[in-house]
Amino acid sequence: MRIDDFRMLARERIPPHIFDYIDCGACDEITSRANRRDLDEIRLLPLCLRNVADLDLRTSLLEHSFSFPIGFSPTAFHRLVHESGEVSTAKAAKTLNIPMIVSSMSSIALEDVVRGSANENLWFQTYIFKDRALTKDLIQRAESSGYQAIVLTVGCPVAGRRYKNVRNRFALPDHVVAANFKQRKVVVHNNPVHSVDGAELDPALTWNDVEWLRGRTSLPVMLKGIMNPLDVQPALDLQVSALILSNHGGRQLDTTESTIRMLPEVAAAVSKRTTLLIDSGFRRGTDVLKAIALGADGVLLGRPVMWALAAGGEKGVIDAVGLLLEELRIAMRIAGCQSIDEIRKNSSAIIRG
Ligand SMILES: Cc1cc2nc3c(=O)[nH]c(=O)nc-3n(C[C@H](O)[C@H](O)[C@H](O)COP(=O)(O)O)c2cc1C
């Protein structure tokens, strides 16, 4: 099995318009494909005879020790693919001891995800909505229900165009709602994430608004959606706890550069001054190895989590991540790296263009 097999299983189990909603990228899906193609094009040069009998994959993020450097990006509406939705995903993340970012567009209320999963290590993703009172309220709810970080998605001043959704006249089924909002029912064909009444995106956002958000919470704040190295310094000036290099899986602005291509430049700009995570296109253990070697502290998964949840619920998610972990362990051994630190130290030796 490989991660893509979970995609095929999901395709068999969920209606085509829901499969398309998860699978699609913006416009011509050029960035979605580039994310994969550019990862594939990086070649490895293994080092031999390095005693890789015992591997150490432990990864510390926000002062918590996770089992390995893989986690879950925020994805909306998990009940689209499985009735127990985000609770199952959060249980899987707890069993695996890896980070999960719960979307503000979850189909189970953020408090119930914590209660139902007993996962005390969740991070909460939000946007700064036009309605600042609503944004503040969400952050306070996340803080008081035990979330460990606020992940602010940036780079989404407006919703990207998703033609497959428009063509399919995509709408959420009746049993799936934006559970964190009063106006829970969403009817929109392009992108339901940005269509909750009263939760409109704000194209007028600036760095001052990030500062505003930082002042509203004592939790660590991360920014998801940084692509340009020029955006690193303003983020560091605001002392954010982590940056997530992300083009949102190619779902926002088509023809945006792939994240793996931007990683060396962004990592150089960060220069170890904050944690750097990456997502968009990661499907193989070798992909994770490449990202660590090129300067990421961890890799996050979007679509694979939804596919695995559709394929087998909580167990499906655990199995899919287990598969990726096994691939990573094989890749580390054959590349001659015993630990995450060794991947970093050997970076220039094991990575070819
Ligand atoms: C179905 C779906 C829903 C998503 N919902 C959100 C969301 O609510 N907030 C957000 O910041 N990103 C969202 N994303 C983007 C993911 O967080 C992530 O950046 C992207 O999926 C990573 O790429 P990958 O799917 O190739 O792994 C969503 C992605 C998918 C596929």
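Further up the page is the structure itself.
Here is what the cut-offs are and how they apply
- Residues numbered from 1 in each chain as written.
- Predicted model: local features only at pLDDT ≥ 70, side-chain atom pairs only at ≥ 80, totals over all residues.
- Helix = DSSP H or I, 4+ residues; strand = E, 2+ residues; numbered from the N terminus.
- Rg over C-alpha atoms; globule rule 2.2 N^0.38 Å.
- Buried ≥ 20, exposed ≤ 12 C-beta atoms within 10 Å, placed from the backbone.
- Contact = placed C-beta atoms within 7 Å.
- Core = buried A, V, L, I, M, F, W, Y, C linked by C-beta atoms within 7 Å.
- Near = placed C-beta within 6 Å.
- Nonpolar A, V, L, I, M, F, W, Y, C, P; charged D, E, K, R; others polar.
- Axes fitted to C-alpha atoms, helices over the stretch in contact; angles between N-to-C directions.
- Parallel < 35°, antiparallel > 145°, perpendicular 65-115°, else oblique.
- Left-handed = near helix turned anticlockwise from the far one by under 90°.
- Expected span 1.5 Å × (residues − 1).
- Pairing = 2+ DSSP bridges.
- Right-handed = clockwise from strand over helix to strand, strands pointing away.
- Arc of directions from axis to C-beta.

Visitor: Even after reading the chapter, I still don't get the overall build of the protein, so can you show me in this structure?
Guide: Of the regular secondary structure elements, the protein holds 14 helices and 12 strands. Computed over C-alpha atoms, the radius of gyration of the protein comes to 19 Å, within 12% of the 20 Å expected from 2.2 N^0.38 for 353 residues, which places it in the range of a compact globule. Dimensions of the protein along its principal axes, counting C-alpha atoms only, are 60 × 45 × 40 Å. The burial tally for the protein puts 51% of its 353 residues in the buried class. Looking at the protein alone, contacts between residues at least 24 apart form 72% of all its contacts between residues at least 6 apart.

Visitor: What is the right way to read the nonpolar core from this model?
Guide: Note that soluble globular proteins tend to have their nonpolar side chains buried in a common cluster. Core analysis: the largest hydrophobic core is formed by 111 residues, its most contacted members being Ile-226, Leu-243, Leu-245, Leu-263 and Val-266. Here this core gets 15 residues from one element, more than from any other, and that element is helix H12 (residues 303-335). In this view, Leu-243 contacts Met-222, Leu-223, Ile-226, Val-232, Ala-235, Val-270, Thr-274 and Leu-276; residues no more than four positions away in its chain are not counted.

Visitor: Just checking my understanding: could you explain the environment of Asn-35 for this structure?
Guide: As for its position among the elements, Asn-35 is in helix H3 (residues 30-41). Classification of Asn-35 by C-beta neighbours within 10 Å gives buried; the count is 26.

Visitor: Where do I start with the site of the ligand in this structure?
Guide: The ligand sits among 24 residues. The nearest are Ser-73, Ser-103, Gly-249, Gly-302 and Arg-303. Partitioning the shell around the ligand into residue classes produces 8 nonpolar, 12 polar and 4 charged.

Visitor: Explain the packing of helix H4 (residues 85-96) against helix H5 (residues 110-117) to me, please; I cannot follow it from the model alone.
Guide: Across the interface, H4 lies against H5 with an axial gap of 8 Å and an inter-helix angle of 50°. Compared by their axis directions, H4 and H5 come out oblique. Here H4 and H5 pass one another in a crossing that is right-handed. Between H4, through Glu-86, Val-87, Ala-90, Lys-91 and Lys-94, and H5, the contact on the second element is made entirely by Val-113, Gly-116 and Ser-117. Looking at the contact of H4 with H5 residue by residue, the classes come out as 3 nonpolar, 2 polar and 3 charged.

Visitor: Explain H4 here, please?
Guide: For an α-helix, 3.6 residues make a turn, and residues three or four places apart therefore share a direction. Spanning 12 residues, H4 covers 17 Å between terminal C-alpha atoms, matching the ideal 16 Å at 1.5 Å per step. Counting buried residues along H4, 10 of its 12 residues qualify, which places the element largely inside the surrounding structure. Along H4, the residues that are buried comprise Gly-85, Glu-86, Val-87, Ser-88, Thr-89, Ala-90, Lys-91, Ala-92, Ala-93 and Leu-96. Of the surrounding elements, those touching the buried residues of H4 are strand E4 (70-72), strand E5 (100-102), H5, strand E6 (122-126) and H12. Positive backbone phi, at 55°, marks Asn-97, one or two positions downstream of H4.

Visitor: How do you make sense of the pairing of strand E7 (residues 149-153) when you look at a structure like this?
Guide: Every regular strand shows the same layout, with side chains that alternate between the two sheet faces. Across the 5 residues of E7, 5 count as buried, placing the element largely inside the fold. Note that E6 and E7 share 4 bridges and pair parallel. Paired with Thr-126 across the bridge in E7 is Leu-152. For the crossover from E6 across helix H6 (residues 132-144) to E7, the handedness is right-handed. As judged from the 4 bridges shared by E7 and strand E8 (residues 221-226), these two strands associate in the parallel manner.

Visitor: Any chance you could explain the pairing of strand E11 (residues 298-301) here in plain terms?
Guide: The side-chain alternation of E11 yields two buried faces, one formed by Gly-298 and Leu-300 and the other by Val-299 and Leu-301. Relative to E11, E4 is paired through 3 bridges, and the arrangement is parallel. Opposite Gly-71, over in E11, you have Leu-300 as the bridge partner. Direction of pairing for strand E10 (residues 275-278) relative to E11: parallel, over a ladder of 2 bridges. Its bridge partner being in E11, Ile-278 is matched across the sheet by Val-299. On the question of chirality, the crossover connecting E10 to the parallel E11 by way of helix H11 (residues 285-293) is right-handed.

Visitor: What should I look at first to understand the environment of Ile-343 in this one?
Guide: In this fold, Ile-343 is placed in helix H13 (residues 340-345). Along the sequence, Ile-343 and Leu-289 sit 54 residues apart, while their C-alpha atoms lie 7.2 Å from each other. Excluding anything up to four places from it in sequence, Ile-343 contacts Leu-289, Ile-292, Ala-293, Met-332 and Cys-337.

Visitor: Help me understand helix H2 (residues 16-23) in this model?
Guide: Taken together, the buried positions of H2 are occupied by Ile-18, Phe-19, Tyr-21 and Ile-22. Projected down its long axis, H2 carries its buried residues within an arc of 160°, all on one side. Contacts from the buried residues of H2 go to helix H1 (3-13), helix H7 (163-168) and H12.

Visitor: Please clarify how unusual backbone geometry should be interpreted in this entry.
Guide: Look at Glu-29: it is not a glycine, yet its phi comes out positive at around 65°. Considering the arrangement of structural elements, one finds Glu-29 in the loop between H2 and H3. Look at Glu-29 and you get partly exposed, because 17 C-beta atoms sit within 10 Å. Despite not being glycine, Asn-51 shows a phi value in the positive range, around 50°. For Asn-51, the position within the fold is in the loop between strand E1 (43-44) and strand E2 (59-61). Taking the number of C-beta atoms within 10 Å as the measure of exposure, Asn-51 has 7 and is therefore exposed.

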